[in-house]
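Letter by letter, the chains look like this.
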Amino acid sequence: MRDYLRIAIIDTGIGIAQEHINKLFQPFIQIDSALNRKYAGTGLGLALVKRIVELHGGQVGLTSEVGVGSCFTIDLLYTDTSSSSPDVESHSPPSIESNEAQEKALPLILLAEDNEANISTVSSYLKAKGYRILLAKNGAEAIALTNSENPDLILMDIQMPGMDGLEAIDHIRSAPNSVNVPIIALTALAMTSDRDRCLAAGANDYLTKPVKLKQLATTIQQLLASHQR
């Protein structure tokens, strides 16, 4: 029998009617137009939480009563290590130096993005996948961090304040130490001409927003593998 760890978040807000609960975890869905006008949001937050939890083998639940509040639950797979064998317990714990060395061996990804929701979702997902994350919030920061930190791969949002992603890619490709670093362009633009502009600027691949996290992970793995050959 599999064990689960349950995390519960309870509020005393407006509550949700039973007939609307199934809609709540669908992307880009708000309960109704009145709530949509009064409360900010894109309708993506809960859908992303549900997807990430399910990718980790867990599940999300909700009970709610209108005018009383709601209880959201997250159940995650849990392994009890308290009964480990004496042989395992006798081993010395890994040293701090060993942990740091292992962490530095993880691929380093530079995420150039100015939207806080996208930053939180993408960085959390990629960290769970075993990557280290650097964050830049505009093109100039992306160029500076690429020069100083030599990331293994760059996720470049095209629409950013100040210097946009296309200009940043052009600068990065002009530097000898980053001419070959894999770059994935991320943008809400979906026209064929926009894709061609990103690839012409020097991006290796192009993904439209909202980005499918599984597709993003697969693309990253493929580009890192081809870059190491």
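Our structure's up above, just so we're on the same page.
A few points on the structure. Since we're looking at a predicted model, the values are computed, not measured.

What follows deals with the overall build of the protein. From N to C terminus, the protein includes 10 helices and eight strands. Per-residue burial over the protein gives 35% buried out of 229 residues. Put simply, 59% of the contacts in the protein that link residues at least 6 apart link residues at least 24 apart. Here the protein has roughly 14,000 Å² of accessible surface; of this, 53% comes from carbon and sulfur atoms.

Taken residue by residue, a regular strand's side chains alternate between the two faces of the sheet. Counting buried positions along strand E4 (residues 108-112) yields five of five residues, so the element is predominantly enclosed. Judged by which residues are buried, E4 turns out to be covered on both faces: Leu-108, Leu-110 and Ala-112 on one side and Ile-109 and Leu-111 on the other are all buried. Pairing between E4 and strand E5 (residues 132-136): five bridges, direction parallel. Residue pairing in the sheet places Leu-111 in a bridge with Leu-135 of E5. At this point the chain moves from E4, through helix H6 (residues 116-128), to the parallel E5, and the crossover so formed is right-handed. Here four bridges tie E4 to strand E6 (residues 153-157), and the two strands are oriented parallel to one another. By the bridge assignment for E6, Leu-110 is matched with Ile-154.

Analysis parameters
Residues numbered from 1 in each chain as written. Predicted model: local features only at pLDDT ≥ 70, side-chain atom pairs only at ≥ 80, totals over all residues. Heavy atoms only, no water. Helix = DSSP H or I, 4+ residues; strand = E, 2+ residues; numbered from the N terminus. Buried < 20%, exposed > 50% of the residue type's maximum accessible area, 1.4 Å probe, protein only. Contact = heavy atoms within 4.5 Å. Areas by Shrake-Rupley, 256 points an atom, 1.4 Å probe, with all protein chains shown as cover. Pairing = 2+ DSSP bridges. Right-handed = clockwise from strand over helix to strand, strands pointing away.

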